[in-house]
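Understanding the architecture of this molecule
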Amino acid sequence: MLAFMAQRIAHVTLVVRNYDEAIAFYTQKLGFEVVEDVAQGDGKRWVVIAPANSPSTSLLLAQAASDEQLQAVGNQAGGRVFLFLHTSTFWDDYHRMKAQGVTFLEEPRQEPYGDVVVFQDCYGNKWDLLGPKPA
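Computed from a predicted structure; not experimentally measured.

A few words on the side chain of Ser 58. One can find Ser 58 in strand S4 (residues 58-63). A polar contact of 2.7 Å, which involves the side chain of Ser 58, links it to the side chain of His 11. Excluding anything up to four places from it in sequence, Ser 58 contacts Ala 10, His 11, Val 12, Val 48, Ile 49 and Ala 50.

Entries for the protein in the domain assignment read domain 1 (9-73) and domain 2 (77-134). Each of domain 1 and domain 2 has a C-alpha centre, and these two points are 19 Å apart. The interface is formed by 18 residues belonging to domain 1 together with 14 residues belonging to domain 2. On the domain 1 side of the interface with domain 2, the three residues burying the most area are Phe 25, Lys 29 and Leu 30, jointly 41% of the side's total. Taken together, the connections running from domain 1 to domain 2 amount to 0 salt bridges. Applying the counting rule to domain 1 against domain 2 returns 5 residue pairs in polar contact (both at pLDDT 80 or more).

Let's shift gears to the nonpolar core. Nonpolar side chains in soluble globular proteins tend to be buried together. In terms of nonpolar packing, the biggest core is built from 28 residues, with Tyr 26 and Phe 119 touching the most fellow members. Of the residues that make up this core, three or more belong to each of domain 1 (9-73) and domain 2 (77-134).

Quick look at helix H1 (residues 19-29) now. Those residues of H1 lying buried are Tyr 19, Ala 22, Ile 23, Phe 25 and Tyr 26. Projected onto a plane normal to the axis of H1, the buried residues spread over an arc of 165° and lie on a single side. On its buried face, H1 sits against strand S1 (11-16), strand S2 (32-41), strand S3 (44-51), S4, strand S8 (114-120) and strand S9 (126-132). Sitting at the head of H1, Asn 18 places a side-chain oxygen 2.9 Å from the backbone nitrogen of Asp 20. At the C-terminal side of H1, Gly 31 shows a positive phi close to 80°.

Moving on: the pattern of salt bridges. Considering all chains together, one arrives at 6 salt bridges under this definition. The salt bridge involving Arg 45 is made with Asp 20; its shortest N-O contact spans 3.1 Å. In this pair, Arg 45 sits in strand S3 while Asp 20 sits in helix H1, placing the two residues 25 residues apart along the sequence. By relative accessible area, which is 47% here, Asp 20 ends up partly exposed. A salt bridge links Arg 96 to Asp 93, with the shortest nitrogen-to-oxygen separation between them at 3.3 Å. With Arg 96 and Asp 93 both in helix H3 (residues 90-99) and 3 residues apart, this pair spans about one turn of that helix. Three or more residues are tied together by salt bridges with common partners; here these are Asp 20, Asp 37 and Arg 45.

In sheet architecture, strand pairing relies on hydrogen bonds along the backbone and comes in two forms, parallel and antiparallel. On the basis of which strands lie adjacent, the open sheet formed by 4 strands has the order S1-S4-S3-S2 and mixed pairing. For this open sheet the edge positions go to S1 and S2, each flanked by a neighbour on one side alone. Direction aside, the axes of adjacent strands within the sheet are offset by 25° on average. Where S1 lies against S4, 6 bridges are found, and the strand directions are parallel.

Moving on, we come to the side chain of Thr 87. Assignment of secondary structure puts Thr 87 in the loop between strand S5 (81-86) and H3. Polar side-chain contacts of Thr 87 include one of 3.0 Å to the backbone nitrogen of Thr 89. For Thr 87, the side chain forms a polar contact with the side chain of Asp 93, separated by 2.4 Å. Beyond its immediate chain neighbours, meaning those up to four positions away, Thr 87 contacts Asp 93, Leu 129, Leu 130, Gly 131 and Pro 132.

The rules behind each value
One numbering rule holds for all chains: residues counted from 1, following each sequence as written. Reporting of local features is limited, given that this is a predicted model, to residues whose pLDDT is at least 70; pairs of side-chain atoms are given and counted only at 80 or more, and all residues count toward the totals for whole chains, interfaces and linings. No hydrogens and no water enter the side-chain calculation; it runs on all heavy atoms of the structure. Note on conventions: DSSP H or I runs of at least 4 residues are helices, E runs of at least 2 residues are strands, and numbering of each starts at the N terminus. Polar contacts, as counted here, are pairs of nitrogen or oxygen atoms within 3.5 Å of one another; within protein the pair requires one atom able to donate a hydrogen and one able to accept it, and residues that are adjacent in sequence qualify only if both atoms are side-chain atoms. Any two residues having at least one pair of non-hydrogen atoms within 4.5 Å are treated as being in contact. Residue ranges assigned to the domains are those given by an automatic or database domain assignment. Each of two parts loses accessible area, computed with a 1.4 Å probe, when they are put together; buried area is these two losses added. Throughout this description, the term salt bridge denotes a Lys or Arg side-chain nitrogen within 4 Å of a carboxyl oxygen of Asp or Glu. Only buried residues count toward a nonpolar core, which is a set of Ala, Val, Leu, Ile, Met, Phe, Trp, Tyr and Cys residues joined through side-chain atoms within 4.5 Å. Think of it in three bands: residues with accessible area under 20% of the maximum for their type are buried, residues over 50% are exposed, and the middle band is partly exposed, with areas taken using a 1.4 Å probe on protein chains only. Within this analysis, the arc is defined by the directions that extend from the helix axis to the C-beta atoms. When DSSP finds two or more bridges between two strands, those strands count as paired. All axes here are fitted lines through C-alpha atoms, helices being fitted over the stretch that makes contact, and every angle between N-to-C directions spans 0 to 180 degrees.

Below, the structure written as structure tokens:
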């Protein structure tokens, strides 16, 4: 029988046009924190961001380095919702983000699983802001 180590997804790569504009959007508009920002030479950086108090998963910002990568900026999921931001303070987060100029593509709605609204990041990637119903 195979023994499996405990696994988790640590980082999800998000291709961005520019490190600093992405950091500004995610920290100022969404309230994320910079976990790491380490220069790697030749303009490359290891930039990890995450929601405040995020237990395990973060975004690794990767500045596009080719025309092919630039074409993926803002469309990493082919027009579908790409990432899901869960929150226990849905309405507070919604109103704060709206006041910060975040683009919402619809009005918040109630679904069987909780309150949800689709928004776009600074590049056009679609996100769900989701306030899950208590179990």
